[in-house]
Amino acid sequence: MSQSLNAFHASQAYRTASVTVSPLRAVVMLLEGAARMLKMAIEAGEAQRFEESHGHVVKATTILRGLAQHLNPQKGEDVADQMAKTYHSLIMAALGAYGRPDAPARYRRIIKSLNELRDAWSFVLKQNAGSPASA
């Protein structure tokens, strides 16, 4: 899949999620999706279905790319900059793990990071429950 097509799919995933739910909920859901894709990559890799595993890694990184592309520095430049760096690091870690003997362990560390991000955004979502911005 070409880079521009991946970028398009990343953008579409975020837009679709953010139209049907609040932006914060969309972020939580997309982080869950990225973690789920990496879990599926582990399972496929352990079953020696390497193309399938790679496909799941690509989907996970596409989700993260979409999240990075939709950061809004106008709502907090420092936070947006840090999140962009975080997403980029997770993307590079996932891509760098593919094909390595310790890939499952690397993916599990990435999943742990994604779950921590998800939990943080879930907390923010709960704190904002009922406010007009989260509806």
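Definitions and cut-offs
- Throughout, residues of each chain are indexed from 1 in the direction in which the sequence is written.
- Two thresholds apply to this predicted model, a pLDDT of at least 70 for residue-level local features and 80 or more for giving and counting side-chain atom pairs, whereas whole-chain, interface and lining totals are computed over all residues.
- No hydrogens and no water enter the side-chain calculation; it runs on all heavy atoms of the structure.
- Only runs of H or I of at least four residues qualify as helices and only runs of E of at least two qualify as strands under DSSP, and these elements are numbered from the N terminus.
- Each residue's exposure class comes from its accessible area (1.4 Å probe, protein chains only) as a fraction of the maximum for that residue type: buried when under 20%, exposed when over 50%, partly exposed otherwise.
- Residues are treated as being in contact if the distance between any of their heavy atoms lies within 4.5 Å.
- As used in this record, nonpolar core signifies buried Ala, Val, Leu, Ile, Met, Phe, Trp, Tyr and Cys residues forming a set joined through side-chain atoms within 4.5 Å.
- Note on definitions: salt bridges are taken to be side-chain nitrogens of Lys or Arg within 4 Å of carboxyl oxygens of Asp or Glu.
- pLDDT expresses how confident the predictor is about each individual residue, on a scale running from 0 to 100.

Details of the overall build of the chain
If you tally the helices and strands in the chain, you get 5 helices and 0 strands. Tracing the chain from N to C terminus, the helices and strands come up as α-α-α-α-α. Within the chain, the proportion of its 135 residues that are buried is 35%. Here the contacts in the chain between residues at least 6 apart in sequence split such that 65% fall between residues at least 24 apart.

Brief notes about the nonpolar core
Of all hydrophobic cores here, the largest spans 26 residues; its most connected members are L31, L38, L64, L67, Y87, Y107 and L114. When contributions to this core are tallied by element, the ones reaching two or more residues are α2 (23-46), α3 (50-69), α4 (77-97) and α5 (103-127). Top contributing element to this core by residue count: α2, with 9 residues. Not counting chain neighbours up to four residues away, the residues in contact with L31 comprise L64, L67, Y87, L114, L117, R118 and W121.

Regarding the pattern of salt bridges
Taken as a whole, this structure holds 5 salt bridges when the rule is applied. Here R108 makes a salt bridge to E46, at a shortest N to O gap of 3.4 Å. Here E46 lies in helix α2 and R108 lies in helix α5, a separation of 62 residues in the sequence. Looking at R108, the relative accessible area reads 45%, which means it is partly exposed. Residue D102 pairs with R106 through a salt bridge whose shortest N-O separation is 3.1 Å. Residue classification places D102 among the partly exposed residues on the basis of a relative accessible area of 33%. We classify R106 as partly exposed; its relative accessible area is 27%.

Focus on the confidence of the model for the chain
Across the chain, the average pLDDT comes to 88, with 81% of residues at 70 or higher. Within the chain, the element-level pLDDT minimum falls on helix α1 (residues 3-20), averaging 64, and the maximum on α5, averaging 97.

Here we look at unusual backbone geometry
One non-glycine residue with positive phi stands out, namely Q48, at about 60 degrees. Examined against the element boundaries, Q48 turns out to sit in the loop between α2 and α3. Take Q48: its relative accessible area is 59%, and that puts it in the exposed class.

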